[in-house]
Each structure stands twice: as structure tokens, then as C-alpha cells.
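# Close look at the chain arrangement
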Amino acid sequence: MASLPFTTTPNPKFSHAEHRRPLKLTRSHPTKLHEDDSCHQTLYKSYFHQISSLCKEKQIQEAVDLLTEMEYTNLQIGPEIYGKVLQGCVYKRALDTGQQIHARILKHGDFFARNEYIETKLVVFYAKCDVLDVANNLFFRLRVKNVFSWAAVIGLNCRMGLGEEALMGFIQMQEEEVLPDNFVLPNVLKACGALGWTAVGRAVHGYVLKMDLDGCVFVASSLIDMYGKCGVLGEASKVFDAMIERSVVAWNSMIVGYVQNGLNDKAIMVFHDMRMEGVEPTRVSVTSLLSASANINALEEGKQGHATAVIGGMELDNILGSSVINFYSKVGLIEDAELVFSRMAGKDIVTWNLLISSYVQYGLAEKALSMCRLMRSKCLRFDCVTLASILAAAADTSNVKLGKEGHCYCVRNNLTSDVVVASSILDMYAKCERIDDAKLVFDSITHRDLVIWNTLLAAYADLGLSGEALRVFYQMQLEGVSPNVVSWNSVILGFLRNGQINEAKDMFLQMQFLGVQPNLITWTTLIAGLAQNTYGNEAIIVFREMQEAGIKPNATAITCALSACTDLVSLHHGRAIHGYVIRHELCLLTPTATALVDMYAKCGNIHQAKRVFDMIQSKELPIYNAMISGCALHGQAVEALALYKHMQKEGIEPDNVTFTNILYACNHAGLVHEGLEVFVGLVSEHNVKPSMEHYGCVVNLLSRCGNLDEALRIILTMPYDPDAQIIGSLLTACIANHKTRLAEYLLQHLLQLEPDNPGNYVALSNAYATAGRWNEVSKVRDLMKEKGLRKNPGYSWIQNGDELHVFLAGDRSHPKIEEIYATLALLGMEMHFNYEVFCS
């Protein structure tokens, strides 16, 4: 702020000492009086300049000491001295010292206390120190309110979040014919931005143009910031482009505006342009770049931002350090985040919480808890965010003991009244399947807001307790809490989890009828629920309707839709969704790429699956698993093994799914040696405990190659009780190799496992028939009749457009069955004719 105008030449007539006692008339020589006055002025100027210099250097106590020295020597002090000391207190925000100076001013009477210059300085001082009540009180008592006092109170209201009061002050000062200057207008624009009042901001912009203040860098930067906060990026860009001289503040305002409005790509571009213009970035520039990079997973750009901070010698304080940690955490580089954390000099509770929550987000619960213990060893108290992270870790690991400890800590430290903490406690018990405890926590909460109700709703929905979810949904309305879209989403999810498809669709229609617009989560939940409940056609239709409603699907929605295509073996729809991804230039994240590879492979197009796989530069385990599974499905065992070895060379550790897919590939290709080698390596090299599926693949592999004794030995020695699938695979091999006695032995066990499975009886009947034991065949068939068992007929289906046509053996219920049989007859005749021609 500009300095208040005041003369620095002392005037003896304004001495407070002369006001306190009557003048004595003495006879003095004129020359002597002149010399004394000259000496007094020289000494006074010396004190003034020293005090002024000390205040500018923020050495306030030394300045006050000189002021005290002046008083002790009875040197006449003018208001400008007190003004300088108050300004020094403003520089250092020294509230206590400024209050002492204010007390001295009051002690010396109205001559100083009612001086316009001093009054204004006091208003500015208390305003800059954010003492709202005192500043306002002094301001309203001012006899003359000038631009400096108005600027001070308007700025104070902005900092205190009182935007409307700031704008009212702006209007009032103009009514009192005090013209706002380039120090008032930035605060006024800040208030408009905070309130989101675009229309008022435009009006202020008009005033700026009228007063020809748009050339001021501070005002122009404030306009950019205001438009950015109001979401009017076009106007912000126009102001920015019109600036002749752009300071780093203007560049930062533009970058921050783009980040705040989700235009992260543009924010990164502006940062790059700023560097190209030779403007040195500040901490604000770097933190904004890091936020933008984290939001869109821009790894290289974020690393460049970190490098810029290091090269620029920026200290990793709480704000910048937290931004770097946040970036590395969001892009999955937890080790880099840990390294930054370890190098930070001063870490506050926010920084600790950020790393702890990152651990929880990536499922590293033990690391999160270790960090909490280390935090406690540093004598730092947990706050609501810390407790929420601990409770989330307990929920993710279903560690109810840890969750209860966190709950007890919250109770002891009176944190349960916090909405976030209360929701976390409730969610923890629900995720640990302690729904009754969750309900007790809910009942103990006195003031239940929408967040708490939605947390309980989500708890019931996740467990598929649709009836309880619906009851809570109606109860919250009876208690005066209106549900929002999150509430509706939970009820829909509860129905879908419980397989109540029609009820979920009815709820979806009802929310639209009542004016609640489905959001991205609503549509995605419905698509996923339909796909998981084998309503693939409807899932694809809803996916299309979602786009027609103007909702852009995210990776989860696309993955769910592709899953529906896979289940339906609908290559046509799968290609259409892939086309959507390409047209909209959506990033092929691992879940989407994995779903595409899986869809193409299972829909019969292994070549397209390989093309998608090859397009992914940074391949992760899920996409390798999908490609290996696809190769196995298409009998390409050699390619599957090659992928398995290449994956290991890349340093990617295989999991249970990988081994299952490789064994499945070896099984179908009859690669016994390779399959057994993989099975042995599973235990010896990777320390993986073989699952029932792994044993099943090995048994099937040995059975197929006729090594029935070794297959039986594995079944008898494996650490699991054999299931029907394992016994069935060996049984099939026994029947094929005419091992009737062993087949009969296995079938007896199979019938005990699945007494109502007609396929087992049919297999036993076939085994007896192969051995020529027709009496046993008749007995088995009679037993099936007694039990009322019939072999489920095989069926085939074909999709024509959006219609799915299903055909059962011997079924004549299709509306066009006569046309179908006629066509088949014609085809049969044509084939017979062609065969005769070929033979002749």
C-alpha cells in the first residue's frame, strides 16, 4: 500500500509538552534561538531517519527503544514518528508492540489520537493484523475516511472471508466520493471470485476500464484470478492476452484458474509458455503444475515441476513439499513420495496425513500404521484426518481390532462429533461386516447430517441388504433430511447387489421423475450391476443411453460395458466401444486396456487383442494376465509361455491368476513337461501356495496325456479336499481310457459331492455302457427317473442386432421356426448335392 502523505519536518508548535504547561516569556537573543532550533531539527531528523530505517528492516524493538529515548530527552515528537513505528509493526505484524504504541498515543491526548494521519495508520495497522472488531470500530469513528482506510478495511473483510461486506464497502466508498485505486480493486475482485459473483465481477471490470486501470499488472492479475474462480476462463484468457507486461503473478493466476476448473492440460501448457517467455516460476507456479500433473497422471510434467523447484533452490516447506508428495502419491510412485518426505525439514500434521492417506489409498495399511506410530513418537497428536485414515486402513484390511482402537481414541479425545470421523467409524464397522455395530454408532450420533445418513445407506447397500437400505432411505426423509443423488445411488446399488434388477431400474426411473439427475456414478453403477447379473444386453443399452444423456463415461463404465460384451461374445458392440475410446482420445488405462484385450480374445479376435496389447507402452500385470489367458483360450500355448517369460524379464511378479492361465494353456496344448515345470516353479521360485485351481489344471494335464496314476496321486496328496471339477476331469480320462473300475470309484465320490447333478449320472451310465455293463446302465437311468433328474439340454444362440435368439435341442418355440427348418432343409439338400458331384 502507498505511504500516507505527511511532512517529516517537526513543528515546535505541535509539541505535546507545550500543551501541558503555560508558556513562559523569557528574553533570549534571536541568534541563540535560531541556533537551538537548527540543532533541534538536525537531531530530530536523525532520530526520524534511524527509526524509519529500523522499521523498514523490521527491527521494531530497536525503533521503539529510540522512540523511548526521544521521550526521555524531552525531544519534541511529531505524529509522523508514531506513524512510522506503526508502519513497522504492520511490516512485522507485531500486534503487541503496535498496541503499546497505540496506548502511548492515547496517553498523549487527542492531539495525536484524533490526528487524521495517526487515525488512518491505526486502522491500517489493526486491519493488517486481522483484528476485525478493533479495525472496524476505529474505522467507523474516523472523521475523514480516505482511500487508505477504505483499502485497509476492504482488504481485511476479504481475508476474513466476508466478501459481501467488502463489496458493500466498495460501493459505499464511491457513494462518499472516494475513488478506489489500484490497491482497493484487487481486493474487490478477490471478493467477487470468492463469492462466484460473475456479474458483479464484470461490473468491476467495467469500472477498471473506465478508470484506465487495466494497464496495472496487479489489477489485471486480479481480474484473471476473479474470472478463473468464477469459471469464466474465456474472459480470463482475454485479459491475459491483452496485457502488455505480464508479471509472474499474472501467469500464476492463469495457471491456477485452469487447474481449479479441471483444465489441467491447458495449465501445463501455460506453465511451459511462461518458461519459454523467460519468466522464472515461483512456488505458486510449481505447486499448481504439480497439482495439474497429479490430476491427469502426467508423470514427466510433474517430475519436471519437481526438478524446477530443486534447480530454483526452492525450500521444500510444508506447502511445496506436500504438493510434491501429493503428485508422487497420485501417480503411484510411493517410494519417491517417501524420499521427498524424508528430506523435508519441517513437517506439519498436514504433511504426515498426506503420506499416511497415500499408504491407505494403495493398500499399504501396515506402512500407514507404522507412520502413525512414528508420528506419535514425534509428539504429534492425531487429528480428524489422521483418524479417518487409520479407520480407512482398518476397513480395507477388515481389521476390526484396529478399528475399535481408533474408535476408542476418538471417544477419549472427543473427536466423534466430527462428521468425517463419525462417517469413518461407521464405514469401518460396515466394511468389517459388523453392521450392527455400525448401526449403534449411527444411533449414538445426535446431529445426523446427510453425510452420516448416506454412509449408513452405503453400508447396507454394499452388503446387498436392499430392504434395510430402502428403510433408511425413507426414514431419513421422515426426519427432514432430503436425499441427494448419492442416496439414490446407494439404494440402486443395494438392489443390484441383491439381484433385484427390476427394482433397481424402477428406482432409476423414479429419481429422474422426481428431478434428481443421475450422475456418472449412477449410470456406472447400473451398467456394472446389469453386467454382473448377466443382463449384458441391457447393460450395453444403458451405456448408450448414458452418452445420449450427455454423461461422458469414465474408465470404470467403459470396462463394465466391455465386460458385458465379453459375456455376450458380442464383438460388434465391443468394437463400437473401442471406437468410442479412440474417437474421444481417452487414455488407455490398465483396466480399460485389460478389458479390451479380454473382450477381443474371448470374442474370437485374438489378432486384435494382440494389437491392443502391443499398443500399451507401460504394461502391468493385469494386461499380461489377460493376454496370456487369450492365448491359452486360442490354443497358443507357446505364445503364452513366451509372454510369461517376457513378463518376468520385465521384473513383473506373476500372481495366482498368471499361473492358472499358463497351466490352462499347457493343459489344452498337451505340454506336460512345460506345465509341470511351471507348477514346480510356482512353489520353489515364487513361494506361491498352489490353489485348488492350480492342482486342478495339473490333474487335468496329467489325465489328458494318460498318466492317470500320477493324477490320482496328486489328488490324494494335495492339501485340499478334491472338488467335483477335479474328480470330473480324471473321471473323463478314465472313461476315455476304459478304466471302468477307477471311473466307478470316482463317480461314487462325485455323486456324494453333487447328488443332484444329472451330468454325473449320465457320465456313470456312459462308463457302464463302454464296459458293456447294460444292467448297471438301466439301474442308473432308473435312479435318475426316481430322483426326477434330467440332463440339461444343450443350447446355442445367435445375436442379430439387439435381439438375442436362443435355440434348445428339440425346441420349436421360436416364432420363425418353420422358416428356419425350411432353410436348414435347403442347405442340407445343397450340401448333399455338392457331395455327390464331388464324389462323381
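Residues numbered from 1 in each chain as written. Predicted model: local features only at pLDDT ≥ 70, side-chain atom pairs only at ≥ 80, totals over all residues. Heavy atoms only, no water.

### Observations regarding the overall build of the chain
- Of the regular secondary structure elements, the chain holds 47 helices and 2 strands.
- Over its C-alpha atoms the chain spans a radius of gyration of 40 Å, topping by over 25% the 28 Å that the globule rule assigns to 840 residues.
- The dimensions of the chain, computed from C-alpha atoms along their principal axes, are 155 × 60 × 60 Å.
- By residue count, 46% of the 840 residues in the chain fall in the buried class.
- By sequence separation, contacts in the chain at least 24 residues apart represent 59% of the contacts at least 6 residues apart.
- As displayed, the chain offers around 44400 Å² of accessible surface, 54% of which is attributable to carbon and sulfur atoms. (Helix = DSSP H or I, 4+ residues; strand = E, 2+ residues; numbered from the N terminus. Rg over C-alpha atoms; globule rule 2.2 N^0.38 Å. Buried < 20%, exposed > 50% of the residue type's maximum accessible area, 1.4 Å probe, protein only. Contact = heavy atoms within 4.5 Å. Areas by Shrake-Rupley, 256 points an atom, 1.4 Å probe, with all protein chains shown as cover.)

### Focus: the packing of helix α26 (residues 435-444) against helix α27 (residues 450-462)
- Their axes nearest at 11 Å, the elements α26 and α27 cross at an angle of 170°. In terms of orientation, α26 and α27 fall into the roughly antiparallel class. Counting all contacts with α26, which are made through Ile435, Lys439 and Phe442, the residues of α27 involved are Ile452, Trp453, Leu456, Ala459 and Tyr460.
- Classifying every residue of the contact of α26 with α27 by side-chain character gives 7 nonpolar, no polar and 1 charged. (Axes fitted to C-alpha atoms, helices over the stretch in contact; angles between N-to-C directions. Parallel < 35°, antiparallel > 145°, perpendicular 65-115°, else oblique. Nonpolar A, V, L, I, M, F, W, Y, C, P; charged D, E, K, R; others polar.)

### Here's the deal with the packing of helix α14 (residues 233-242) against helix α15 (residues 248-260)
- Relative orientation of the contacting elements α14 and α15 amounts to 165°, with a least axis distance of 11 Å. In terms of orientation, α14 lies roughly antiparallel with respect to α15. The crossing of α14 and α15 is left-handed. On α15, the residues that touch Leu233, Ala236, Ser237 and Phe240 of α14 are Ala250, Trp251, Met254, Gly257 and Tyr258.
- When the residues that make up the contact of α14 with α15 are grouped by side-chain class, the tally is 7 nonpolar, 2 polar and no charged. (Left-handed = near helix turned anticlockwise from the far one by under 90°.)

### Quick look at the state of the cysteines
- According to the stated counting rule, one finds 0 disulfides in the structure shown.
- Of the cysteine sulfurs around Cys410, a residue in no disulfide, the closest is that of Cys384, at 7.7 Å.
- According to the relative accessible area criterion, Cys410 is buried, its value standing at 0%.
- Cysteine Cys603 is unpaired, with the sulfur of Cys565 as its nearest cysteine sulfur at 7.1 Å.
- Residue Cys603 is classed as buried on the basis of its relative accessible area, which comes to 12%. (Disulfide = S-S within 2.5 Å.)

### What about the packing of aromatic side chains?
- According to the stated counting rule, one finds 17 aromatic pairs in the structure shown.
- Judged by centre distance (4.8 Å) and plane angle (65°), the rings of Phe125 and Tyr126 are edge-to-face.
- For Phe125, a relative accessible area of 0% translates into the label buried.
- A centroid spacing of 5.0 Å and a plane angle of 55° characterise the contact between Phe327 and Tyr328, whose relative ring orientation is tilted.
- In this arrangement the basic side chain of Arg376 is found over the ring face of Phe382, its NZ or CZ atom lying 5.4 Å from the centre.
- Over the aromatic face of Phe613 sits the side chain of Lys619, whose NZ or CZ is 5.0 Å from the ring centroid. (Phe/Tyr/Trp six-rings, centres within 6.5 Å; stacked < 30°, edge-to-face > 60°. Lys NZ or Arg CZ within 6 Å of the ring centre and 35° of its normal.)

### What to know about the environment of Ser487
- For Ser487, the position within the fold is in helix α29 (residues 485-497).
- On the basis of relative accessibility, which here comes to 0%, the residue Ser487 falls in the buried class.
- Setting aside residues up to four positions removed in sequence, Ser487 forms contacts with Leu450, Asn454, Leu457, Phe473 and Met476.

### Focus: a nonpolar patch on the surface
- On the surface, Tyr821, Leu824, Leu827 and Met831 cluster together into a nonpolar patch covering about 420 Å² of accessible area.
- Relative to the helices and strands, Leu824 resides in helix α47 (residues 817-839). (Patch = residues over 30% accessible without salt bridge, like charges linked within 9 Å, V, L, I, M, F, W, Y side chains within 5 Å. Salt bridge = Lys/Arg side-chain N within 4 Å of Asp/Glu carboxyl O.)

### Notes on the confidence of the model for the chain
- Overall, the prediction assigns the chain a mean pLDDT of 83, with 90% of residues at 70 or greater.
- Low pLDDT, under 50, characterises residues 6-30; the stretch is placed with 23 contacts to residues that sit more than four places away or in other chains. (pLDDT = per-residue confidence, 0-100.)

### Re helix α8 (residues 132-140)
- Residues of α8 that are buried include every one of Leu132, Ala135, Leu138 and Phe139, and no others. Down the axis of α8, the buried set is contained in an arc of 140°. They therefore lie on one face. Opposite the buried face of α8, by more than 90 degrees, sit the exposed residues Asp133 and Phe140.
- In this structure, the buried residues of α8 make contact with α5 (95-107), α7 (116-128) and α9 (147-159). (Arc of directions from axis to C-beta.)

### Comments concerning unusual backbone geometry
- Unlike most non-glycine residues, Asp212 shows phi in positive territory, near 60°.
- With respect to the secondary-structure elements, Asp212 resides in the loop between α12 (198-210) and α13 (217-229).
- With a phi angle near 50°, Val569 is a residue other than glycine that sits in the positive phi range.
- Mapped onto the elements, Val569 comes out in the loop between α33 (555-568) and α34 (571-583).

### Examining α13
- Between its first and last C-alpha atoms α13 spans 18 Å; for 13 residues at 1.5 Å apiece the expected length is 18 Å, and the two agree.
- In terms of burial, α13 is largely enclosed, as 10 of its 13 residues are buried.
- Those residues of α13 that fall on the buried side of the exposure criterion are Val217, Val219, Ala220, Ser221, Ser222, Leu223, Ile224, Met226, Tyr227 and Gly228.
- In this structure, the buried side of α13 is in contact with α11 (184-195), α12, α14 and α15.
- Following α13 by one or two positions, Gly231 adopts a phi angle in the positive range, close to 80°. (Expected span 1.5 Å × (residues − 1).)

### Overview of the side chain of Thr308
- Examined against the element boundaries, Thr308 turns out to sit in helix α18 (residues 299-311).
- If near-sequence neighbours (up to four positions away) are discounted, Thr308 is found in contact with Arg275, Pro281 and Val286.

### Topic: the side chain of Ser570
- Mapped onto the elements, Ser570 comes out in the loop between α33 and α34.
- Within polar-contact distance, the side chain of Ser570 engages the side chain of His573 at 2.9 Å. (Polar contact = N/O pair within 3.5 Å; in protein donor to acceptor, adjacent residues only side chain to side chain.)

### Quick look at the environment of Gly403
- Counting through the fold element by element, Gly403 comes out in helix α24 (residues 400-412).
- In sequence terms Gly403 and Asn625 are 222 residues apart; their C-alpha atoms lie 35 Å from each other.
- Discounting residues that sit within four places of it in the chain, Gly403 has contacts with Leu391, Ala394 and Met428.

### Some thoughts on the pattern of salt bridges
- For the structure on display, the rule yields 17 salt bridges.
- Here Asp427 and Lys431 are joined by a salt bridge, their closest N and O atoms 3.3 Å apart. In this pair, Asp427 and Lys431 both sit in helix α25 (residues 419-431), 4 residues apart, roughly one turn of the helix.
- The salt bridge partner of Glu538 is Lys505, with a shortest N-O separation of 2.7 Å. With Glu538 in helix α32 (residues 536-548) and Lys505 in helix α30 (residues 501-513), this pair connects stretches of sequence that are 33 residues apart.
- It is possible to trace a salt-bridge network through shared partners that takes in Arg202, Glu235 and Lys238.

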